[in-house]
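As a plain string of letters, each chain reads:
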Amino acid sequence: MKILKRVITIIGLCIIDQLIKIVIDHRFMTSRLEIEHIFGFHTKMNTQQLSIFNNELGLDLGLGVLNVINIIAMVLMITFYVYLKRNYSDKRLVDPAMILFTSGIVCSLIDKICWGGSLDYILFFRQISDLKDIYLLAGAVLIILFIIRQGIEDSKAKRQNKADRS
């Protein structure tokens, strides 16, 4: 039952992402609302950069290669998720992180297959992104918090074991 809830949540997040894009595409493609070019609503159909690999690394990879990378990322993410679930008792941050990551990856695949790119519309510190990017960023933040928390708990456990042996 827990798996079904996660799948429904992922589907729901993907539907929200796509519905926003459909509304923007039909009603607001020429609209802009910006504060000092730092924050606001700024539409852009991103068919060139398409991913961090093209945007930040300048690799100029095509849609097919990027879709394969997305699928590989999904498999690696699921493997990492299973590892975390098996090896750590406190998993409160893991499930939401993986739901957000999975949603972001699925949205990315949908964007590339259905839109031929990504309809970006959120201007934040001169970068234009979309809800999918927020899903991925939030998932990354949760995993980082999980790793920090585990590091702190591991340190406490080591200190406790050392004190117990003394």
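See the structure shown above.
Residues numbered from 1 in each chain as written. Predicted model: local features only at pLDDT ≥ 70, side-chain atom pairs only at ≥ 80, totals over all residues. Heavy atoms only, no water.

Q: Any details on the nonpolar core? Residues and values, ideally.
A: Of all hydrophobic cores here, the largest spans 25 residues; its most connected members are Leu-84, Val-94, Met-98, Tyr-135 and Ile-143. Listed by contribution, the elements that provide at least two residues to this core are helix H1 (2-28), helix H3 (63-87), helix H4 (94-115), strand S3 (118-124) and helix H5 (131-165). Element by element, the count of residues in this core is highest for H4, at nine residues. (Core = buried A, V, L, I, M, F, W, Y, C linked by side-chain atoms within 4.5 Å. Buried < 20%, exposed > 50% of the residue type's maximum accessible area, 1.4 Å probe, protein only. Helix = DSSP H or I, 4+ residues; strand = E, 2+ residues; numbered from the N terminus.)

Q: Which residues make up the sheet that holds strand S1 (residues 32-35), and what are the values?
A: Read across the sheet, four strands follow the order S1-S2-S3-S4 without closing on themselves; strand pairing throughout is antiparallel. The open sheet is flanked by S1 and strand S4 (127-129), the only strands paired with a single partner. Pairs of neighbouring strands in the sheet enclose a mean axial angle of 40°, with direction left out of account. Relative to strand S2 (residues 39-46), S1 runs antiparallel, the two being bridged by four bridges. Among the inter-strand pairings, Glu-34 is bridged to a residue of S2, identified as Gly-40. Helix-sheet contacts for H1 involve S2 and S3, and the interaxial angle to S3 is about 85°. (Pairing = 2+ DSSP bridges. Axes fitted to C-alpha atoms, helices over the stretch in contact; angles between N-to-C directions. Contact = heavy atoms within 4.5 Å.)

Q: How would you explain the packing of aromatic side chains if you had to name every residue and give the values?
A: Using the criterion set out here, one finds six aromatic pairs in the structure. Both rings, one in Phe-124 and one in Phe-125, keep their centres 4.7 Å apart while their planes meet at 90°; by these two values the pair is edge-to-face. Taking the relative accessible area as the measure of exposure, Phe-124 reaches 47% and is therefore partly exposed. Judged by relative accessible area, which is 54%, Phe-125 ranks as exposed. Chaining the aromatic ring pairs together yields one cluster made of Phe-28, Phe-41 and Tyr-121. (Phe/Tyr/Trp six-rings, centres within 6.5 Å; stacked < 30°, edge-to-face > 60°.)

Keep in mind these numbers describe shape, not what the thing actually does.
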